[in-house]
Amino acid sequence: MRNFNLLVLNEWLKISKKRSHVIPYVILLVLSLVVGYISHTFGTDMYASAAEFTSDMLRPTGIGQVLTILVIIGTAGIVSREYSQGTIKFLLIRARSRTAILASKYVTVLLYTLSMLLVAVAALFLSGVVFYGLSGGEAGISTILTSLLYSMVYCAVYATIGFMLGILTKTTGVTIGATIFATMIDKVVIPREFYKYVLFPNLDLSAYQNGGAPMQGMTLSFSIVLLCGYTALFLLAGFAVFRRRDVA
Amino acid sequence: MNSFTRSNQGLPGPGTEPAVLEMQGVSKVIKGKAIVDNLSFEIRRGEIIGLLGPNGAGKTTTIRMMTGLIRLSSGDVLVHGQSIQKNFKQAISQIGAIIENPEFYPHMTGYDNLRQYLRMSDGAGASRIDEVVELVGLQEAMTKKVRAYSLGMRQRLGIAQALLHSPKLLILDEPTNGLDPAGIREMRDYMRKIAEVEGIAILISSHMLAEIEQICHRAVVIQNGKLVTVTQLAEAPEARSEVSLAIRVDRLEAAQTVAEAVQGVKVTGMDEARSELHVHLPDGTVPELVAALSEAKVGVYRITENRQSLEEDFLKWTGGNRIA
């Protein structure tokens, strides 16, 4: 276990030693304040409190989407850059299995996602306090946590897609492009029966809030099972390819 | 000239201990074409081996298979008796390698880069970094980002990285690439040192035949993925019975007559322009010839040995193909 933690530390350092790594966090902070300012100035009392503002904005339909894009950009290169830099050779001739190395990278992607989400929550709450104040409304900490969970699922699935694409294509650009394209079209609903088995309509679990559903005949547990299935599939494909691939 | 003896005396021969590296009928077939074809050879403790071959001979593919970067189509690679396929971790922990160019994380310092690899190896403490850095002489550059490194500095950092976990076998792909003459010499001395003192076996693939000739005990020559020959480069002087000499004299004709009169001496040619006589004779006859020449009052200015260089041999083996 200690060995694995050290691998994760290695991956985290590779990301955080970049001077540009603070930029996405700064973007989240600035964006939260701007959104708060705009909604406060031009909207007419849209939110009753900081908690309501935070939980609404955090969803995949709000800041959650921007956050997902930032996570994709931040982590798309975690595998592919090793190939393009040529560092993959030194990485794979260590007394560590390829599975462990790749798993440490995936864990790092999830940690990065989590760190971004926590910064987003803090930034949004700060913005909410500034523009809407602490008291009032019905929303509380549990509402925020529910929203956080929805965003976390949405973001983690996309991060997994990006992770797999990075392994398969070995190109950072293609990975970022394809995944961001997916985030853009995932709101489109094709009103056909088969579409509910596609990944996209199942991604935003917040659609089930207040008894709704993205499409007829879909339930929360249906979506959860489907998301787990897809995620497992993506990871399986990624690990299978990475373990077997010749490094030329 | 060269004080370093290439003879392998004192080292246990094969059979007394397992070879550091054993290639057993290794093949790599890609799309029906054999890139490496049934290659077998072995490397023993403290040996420096050159891997030679023309372009596309399969040198890099061979090295990649040794280090587990690519799969073997058939055969096996044993490192200290451990299969790189079945016991990858045990096998690879005995290998330190630079494959093609040494590439590091450019946004991190040399020190941070080495620490990355230290975290991935077992049983090496932080002090080991200082040791290897001192060995390759990079102390001043360690706090600089690798982006600012010259190729020579990256090459040294590559060696440091390869030695970090104290391997038994060092695999170097073109180790003197990008080094200046002083650096090449230093690298050569250094490689001899680690081979002799620490008993680390070294496999070097290189363009430079002269380089291989100067440092290696044996050379493995491959072409089209097949083993052409394994040649002993470290012949002991006494083992050679015949020598070819070029003798620069003042009176060429007289010298020729004298030389032909000495038993065992064969005059192979004359170079009028340089006033040189080319002879082929048994090693033991050389003093006799020199004595005969001075007796006949033929002035001798130079005696040089015409050794067939590795390059000539190489071209002969590989049928004049261009050198990789």
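Just so it is clear, the model here is predicted, and its values are computed rather than measured.

1. Side note on the overall build of chain B
Line of reasoning, step 1. From N to C terminus, chain B includes ten helices and 14 strands.
Line of reasoning, step 2. Looking at chain B as a whole, 49% of its 324 residues qualify as buried.
Line of reasoning, step 3. In chain B, 67% of the contacts between residues at least 6 apart in sequence involve partners at least 24 apart.
Line of reasoning, step 4. Of the roughly 15,000 Å² of accessible surface on chain B, 47% is carried by carbon and sulfur atoms.

2. A few points about the interface of chain A and chain B
Line of reasoning, step 1. At the junction of the two partners, chain A supplies 30 residues and chain B supplies 35 residues.
Line of reasoning, step 2. Buried surface at the junction of chain A and chain B, both sides included, amounts to about 3,000 Å², of which 54% is carbon and sulfur.
Line of reasoning, step 3. Taken as a group, A:Phe90, A:Ile93 and A:Arg94 account for 25% of the area that chain A buries against chain B, more than any other trio of residues on that side.
Line of reasoning, step 4. For the salt bridge of A:Lys17 with B:Asp112, the shortest nitrogen-to-oxygen distance reads 3.0 Å.

3. Side note on the sheet that holds strand 14 (residues 300-305) of chain B
Residue and element names in this part refer to chain B.
Line of reasoning, step 1. Overall, antiparallel pairing links the four strands, which are arranged 12-13-11-14 in an open sheet. Each end of this open sheet is capped by a strand with a single partner; those strands are strand 12 (266-271) and strand 14. Along the sheet, successive strands turn relative to each other by an average axial angle of 25°, direction set aside.
Line of reasoning, step 2. Strand direction decides the pairing type here: strand 12 and strand 13 (residues 276-282), joined by five bridges, are antiparallel. Bridging across to strand 13, Asp271 finds its partner in Glu276.

4. With respect to helix 8 (residues 141-169) of chain A
Residues spaced three or four apart along an α-helix face the same direction, because each turn holds 3.6 residues.
Line of reasoning, step 1. Helix length check: helix 8 of chain A, at 29 residues, gives a terminal C-alpha distance of 41 Å against a target of 42 Å (1.5 Å per residue), a fit within 8%.
Line of reasoning, step 2. Within two residues after helix 8 of chain A, A:Lys170 carries a phi angle of roughly 60°, on the positive side.

5. Side note on the pattern of salt bridges
Line of reasoning, step 1. Applying the stated criterion across every chain yields a total of 20 salt bridges over all chains.
Line of reasoning, step 2. Two residues, A:Asp246 and B:Lys28, come together in a salt bridge whose shortest N-O distance is 2.7 Å. Of the two residues, A:Asp246 is situated in the segment after helix 10 (220-244) and B:Lys28 in strand 1 (residues 21-30); the pairing between them involves two chains.
Line of reasoning, step 3. Its relative accessible area of 27% is what places A:Asp246 among the partly exposed residues.
Line of reasoning, step 4. The residue B:Glu47 makes a salt bridge to B:Arg44 at a minimum N-O spacing of 3.8 Å.
Line of reasoning, step 5. Exposure remark for B:Glu47: the relative accessible area of 0% places this residue in the buried category.
Line of reasoning, step 6. Salt bridges sharing partners connect three or more residues here, namely A:Glu11, A:Lys14, A:Glu82 and A:Lys105.

6. Regarding the pairing of strand 3 (residues 48-52) of chain B
Residues and elements named next belong to chain B.
Line of reasoning, step 1. Of all five residues in strand 3, five are buried, a share of seventy percent or more.
Line of reasoning, step 2. Residues Ile48, Gly50 and Leu52 line one face of strand 3 and the alternating positions Ile49 and Leu51 line the opposite face, and both faces are buried.
Line of reasoning, step 3. Here strand 3 runs beside strand 9 (residues 218-223); their pairing, made up of four bridges, is parallel. Each bridged residue has a counterpart across the sheet, and for Gly50 the counterpart in strand 9 is Ala219.

7. Digging into the UniProt feature "transmembrane region" (unreviewed entry) in chain A
Line of reasoning, step 1. In the numbering used here, UniProt assigns the feature "transmembrane region" (unreviewed entry) to residues 21-42, 62-79, 100-133, 139-161, 173-190 and 220-242 of chain A.
Line of reasoning, step 2. Strand forms 0% of residues 173-190 of chain A and helix 72%; the C-alpha atoms that close the span are 28 Å apart.

8. Things to note about unusual backbone geometry
All names here are of chain B.
Line of reasoning, step 1. Although it is not a glycine, Asn224 sits at a positive phi angle of roughly 50°.
Line of reasoning, step 2. By secondary structure assignment, the location of Asn224 is in the loop between strand 9 and strand 10 (226-232).
Line of reasoning, step 3. With relative accessibility at 55%, the residue Asn224 sits in the exposed group.
Line of reasoning, step 4. The backbone phi angle of Ser275 is positive, close to 55°, even though this residue is not glycine.
Line of reasoning, step 5. We classify Ser275 as buried; its relative accessible area is 19%.

9. A short note on the pairing of strand 9 of chain B
When a strand is regular, its side chains alternate between the sheet's two faces.
Residue and element names in this part refer to chain B.
Line of reasoning, step 1. When you tally the buried positions in strand 9, you get six out of six residues, the bulk of the element.
Line of reasoning, step 2. Alternating residues of strand 9 divide into Arg218, Val220 and Ile222 and Ala219, Val221 and Gln223, and every residue in both groups is buried.
Line of reasoning, step 3. Direction of pairing for strand 9 relative to strand 10: antiparallel, over a ladder of six bridges. When the sheet's bridge partners are listed, Val221 is paired in strand 10 with Thr229.
Line of reasoning, step 4. Count of turn residues in the strand 9/strand 10 antiparallel hairpin: two residues, of which Asn224 carries a positive phi of about 50°.

10. Some points on the packing of aromatic side chains
Line of reasoning, step 1. Under the counting rule described, the total for this entry stands at 14 aromatic pairs over all chains.
Line of reasoning, step 2. An angle of 55° between the planes, with centres 6.4 Å apart, marks the rings of A:Trp12 and A:Tyr112 as tilted. Residue A:Trp12 is found in helix 1 (residues 2-16), and its partner A:Tyr112 is found in helix 7 (residues 98-132); the two are separated by 100 residues along the sequence.
Line of reasoning, step 3. Its relative accessible area of 27% is what places A:Trp12 among the partly exposed residues.
Line of reasoning, step 4. For the ring pair B:Phe104 and B:Tyr117, a centre distance of 6.4 Å and an interplane angle of 65° mean the geometry is edge-to-face. Taken as a pair, B:Phe104 in the loop between strand 6 (95-98) and helix 3 (110-119) and B:Tyr117 in helix 3 lie far apart in primary sequence, 13 residues in all.
Line of reasoning, step 5. Accessibility expressed as a relative area gives 4% for B:Phe104, which makes it buried.
Line of reasoning, step 6. Judged by relative accessible area, which is 0%, B:Tyr117 ranks as buried.
Line of reasoning, step 7. Every member of this aromatic cluster is reached through a ring pair, and the members are A:Trp12, A:Tyr25 and A:Tyr112.
Line of reasoning, step 8. Directly above the ring of A:Phe222 sits A:Lys196, whose terminal nitrogen or CZ lies 5.7 Å from the centroid.

11. Quick look at the nonpolar core
Line of reasoning, step 1. Core analysis: the largest hydrophobic core is formed by 123 residues, its most contacted members being B:Leu21, B:Phe41, B:Val77, B:Leu138, B:Ile202 and B:Leu203.
Line of reasoning, step 2. Of the residues forming this core, the biggest block, twelve residues, is contributed by helix 7 of chain A.
Line of reasoning, step 3. When near neighbours in sequence (up to four residues on either side) are disregarded, B:Leu21 contacts B:Phe41, B:Glu42, B:Ile43, B:Met66, B:Val77, B:Leu78, B:Val79 and B:Leu169.
Line of reasoning, step 4. By size, the runner-up hydrophobic cluster in this structure holds 21 residues, among which are A:Ala182, A:Tyr195, A:Leu226 and A:Phe234.

Calculation criteria
Within each chain, residues carry numbers counting from 1 in the order of the written sequence. Chain labels run from A onward and ligand labels from 1 onward, assigned in the order the entries are written. It should be noted that, the model being predicted, local features are given only for residues of pLDDT at least 70 and side-chain atom pairs only at 80 or more, the latter also being counted only at that level, while totals for whole chains, interfaces and linings use all residues. Only hydrogens and water are set aside when side-chain values are computed; all heavy atoms of the structure are taken into account. What counts as a helix is a DSSP run of H or I of at least four residues, what counts as a strand is a run of E of at least two, and both are numbered from the N terminus. Buried residues are those whose accessible area, probed at 1.4 Å on protein chains only, stays under 20% of the maximum for their type, while exposed residues exceed 50% and partly exposed ones sit between those limits. In what follows, residue pairs with any heavy atoms lying within 4.5 Å of each other are defined as contacts. Only the protein chains shown count as cover for residues, and the accessible areas themselves come from Shrake-Rupley with a 1.4 Å probe. Defined here as a combined quantity, buried area equals the accessible surface (1.4 Å probe) lost by two parts on assembly, summed across both. Put simply, a salt bridge is a Lys or Arg side-chain nitrogen that is within 4 Å of an Asp or Glu carboxyl oxygen. If DSSP finds at least two bridges between two strands, the strands pair. Fitted lines through C-alpha atoms give the axes, limited to the stretch in contact for helices. The angle between two N-to-C directions lies from 0 to 180 degrees. What a helix should span is 1.5 Å times the count of its residues minus one. UniProt positions are given in the numbering used here, feature names are shortened, and annotations may be inferred rather than shown by experiment. The rule is short: rings of Phe, Tyr and Trp, with Trp giving its six-membered ring, pair when the centres are within 6.5 Å, and they are stacked under 30 degrees, edge-to-face over 60, tilted in between. In this scheme, Lys NZ or Arg CZ marks a charge over a ring once it lies within 6 Å of the ring centre and within 35 degrees of the ring normal. Here, the term nonpolar core denotes a set of buried Ala, Val, Leu, Ile, Met, Phe, Trp, Tyr and Cys residues that are joined through side-chain atoms within 4.5 Å.

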